[in-house]
Every structure is written in C-alpha cells, then in structure tokens.
Amino acid sequence: MPQYGIAAWCVDSASIGQDVFDAVAREGLASVHFAVDTADAVARLAHPAWRAAVERRCRETGVRISCLALNIAERTPLCGSSADVISRRQFHDVVLVALEFAAEVKVPLVYVPSFGLAEIRSNDDLRGTADLLGRAAESARSFGIEMASENSLGPAGTEHLIEYVGQENFRILFDIYNPRRWGHCPTEIIEAGFAAFATQIHIKDGRLPGYGNAQLGAGDGEIVEIVQNLLRRGFDGIFILENGYGNVLGLDVKSDLETLRLICDRSHQIAARGTALIDGGQHADG
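Predicted, not measured: the structure shown is a model, and the values here were computed from it.

Let us now look at the packing of helix α6 (residues 155-165) against helix α8 (residues 186-193). At a closest axis distance of 8 Å, the pairing of α6 and α8 adopts a crossing angle of 25°. Classified by the angle between their axes, α6 and α8 sit roughly parallel to one another. For the pair α6 and α8, the crossing hand works out as right-handed. Residue-level contacts link Pro155, Thr158, Glu159 and Ile162 of α6 to Glu188, Ile189, Ala192 and Gly193 of α8.

Take a look at the structure:
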C-alpha cells in the first residue's frame, strides 16, 4: 500500500509551531518534500550545525525528508532567451550542495521544477534542460540518489525529455493535477512516462480555469480515476499532498488524507477480489 506525505510549502503556517516536522507529524504523516527556494536556503544546506539539527528533528518526530525540491530553479533563467551560462553553472553548484545534504541526511530524491523562468517552452528549451538535468543526474548517481524533473510537458515532451537526459537514475516527478493546468491529459502522460516516474507523486485537486485548489475529489481533477490508474500499474510509493492548506478556505489535510486512503483501500480491495476470482477460476478448471 502507498504511504503518505506532504509538501512543506503546503503546510498551514498557523499550525507549524516549533518547526515543519512537528506540524507534519501532528497530521499523522511520515514524509515531507523540503523546499530549497532561496540563496539562504542553499547556504543552510551546507551548514554542518543546521544539517545536524535537521537530522535530530527527523529522528525526534519520525518524519523523514523524502525529497528535496529545488524550487529556486523557478527564479533562475535556466532555458529560453533569458538563459545564460553563468546562471546554469551557478544552478549546477546548487545541485551539488543539495546532493551532499541529501546523501548525509539520507534523502533519496532531488527534483528540479521547470516552471517560472525555467519552464520548457520550445524544443531548444527541452534540449537545454535535458542537458542540465543529465549532468545533474550524473552527479547524483555517485551519491546513490535519483534526480527528477517536474514540468509542464505533455506526453510527447515527457518521452523526449526522458530520452534526451538518458540517465538510469533520472525520474519524472508526476503531479496528478498539473497536466490539466497546461492543457494535457494526465492519463496520456502516465501512459507515456510511468516507467520513469519517481516513486513519489504530488496529489492535489482544483477547478479550472482558476489556479486554486479544491478538496480531493471535489474538483475537476478526476482524482479517483487517476489514483486507481497509478495503483493498477503498480505504484506503491508515496503520495505527497500538495493542496494549499491554510491558503484556501475549506481545505483540510486530515480530510484529504482520509479521502486518499479510502481511494487506495478501495482500489486494493478491488484488486484483491480480482485476484481471488482468477485463482478460483484456475482451481475450477483444474
């Protein structure tokens, strides 16, 4: 059965208290996607005392950092007309700092979100981003870490990115709702890239054409169908809640977690019944 976590930037700030690890633990979750979104955040990753404090809080709360999100990429001109060699070189330095932290704190996945200034809008952008991610994945391999991309590509672009990067430890960080925001079919992206999906998936719901969130199952994201699709294909990793808790009235972590667990439990029961019917048929034939 899947596990459940949350993105740190989606935790209700009013509930954080001492730190984000406390808040995540109180919600009954054991994993968090940790944001690296500023130069100061990058500097903290390299600070031994801060690393030690993070490791201690993980042990004390039972919450692990399952992924580092290099959200600083969204404000860095990594591709397109505004890209430059210096920015790309500096971002690779950020990747190396993140990998060293991840190796020490035992974080298995680091991902680069290609949105904002880093969004892939053309084939040249795709090639340039693939080159950057390929070098990042090559560096990550020596640490035993996977490197992933979250992006706005459709199914064909997803296939091309995987091909162009060409590294065995490269993954796609799939987001259940984001494809709809960019006019793509989530099911087609699953079909095209599932073999390369990271074992951690962002889950949220919403209502187009706005960019807001909705409780899981209350929006137009067809959450039940997509989660069931992923589970049928063998997904058994971590669903990471990414609704804007605290920013959107009516959103609640516990409610979304209950909905998600019900979907997964129901899918498991259906699969178990199907297996039982197959086994029963085989015995009857015998």
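The structure having been displayed, the exposition proceeds.
Of all five residues making up strand β2 (residues 31-35), five are buried, and the element is well covered by its neighbours. On β2, burial covers both faces: Ser31, His33 and Ala35 on one face and Val32 and Phe34 on the other are all buried. Of the pairings in the sheet, the one linking strand β1 (residues 3-7) to β2 comprises three bridges and is parallel in character. Across the sheet, Gly5 pairs through a bridge with Ser31, a residue of β2.

Quick look at empty space enclosed by the protein now. Taking a probe equal in size to a water molecule and rolling it over the atoms shows the remaining empty space. Taken as a whole and judged by the stated rule, the model has two cavities of 30 Å³ or more. As a volume, the largest cavity reaches approximately 130 Å³. Surrounding the largest cavity, 16 residues form its lining, Asn151, Leu153, Phe174, Pro179 and Ile189 being those nearest its centre. Residues of the lining of the largest cavity, tallied by class, amount to eight nonpolar, six polar and two charged. Put simply, the second largest cavity is a space of about 30 Å³. Every residue lining the second largest cavity is listed: Leu78, Val112, Ser114, Ala118, Thr129 and Leu132. A class-by-class count of the residues in the lining of the second largest cavity yields four nonpolar, two polar and no charged.

Moving on: the pattern of salt bridges. Per the stated rule, a full pass over the model turns up 14 salt bridges. With a shortest N-O distance of 2.4 Å, Asp175 and Lys204 are connected by a salt bridge. With Asp175 in the loop between β6 (170-172) and α7 (178-181) and Lys204 in the loop between β7 (200-203) and α9 (223-232), this residue pair connects regions lying 29 residues apart in the sequence. Grouping residues by exposure puts Asp175 and Lys204 together as buried. A single salt-bridge network, built from bridges that share partners, covers Asp19, Asp22, Arg56, Arg57 and Glu60.

Analysis parameters
Residues numbered from 1 in each chain as written. Predicted model: local features only at pLDDT ≥ 70, side-chain atom pairs only at ≥ 80, totals over all residues. Heavy atoms only, no water. Axes fitted to C-alpha atoms, helices over the stretch in contact; angles between N-to-C directions. Helix = DSSP H or I, 4+ residues; strand = E, 2+ residues; numbered from the N terminus. Parallel < 35°, antiparallel > 145°, perpendicular 65-115°, else oblique. Left-handed = near helix turned anticlockwise from the far one by under 90°. Contact = heavy atoms within 4.5 Å. Buried < 20%, exposed > 50% of the residue type's maximum accessible area, 1.4 Å probe, protein only. Pairing = 2+ DSSP bridges. 1 Å grid on protein atoms, 1.4 Å probe; cavity = no way out; pocket = protein on both sides within 12 Å on 5 of 7 lines; lining within 4 Å. Points joined across faces, edges and corners; volume = space filled by probe spheres on them. Nonpolar A, V, L, I, M, F, W, Y, C, P; charged D, E, K, R; others polar. Salt bridge = Lys/Arg side-chain N within 4 Å of Asp/Glu carboxyl O.

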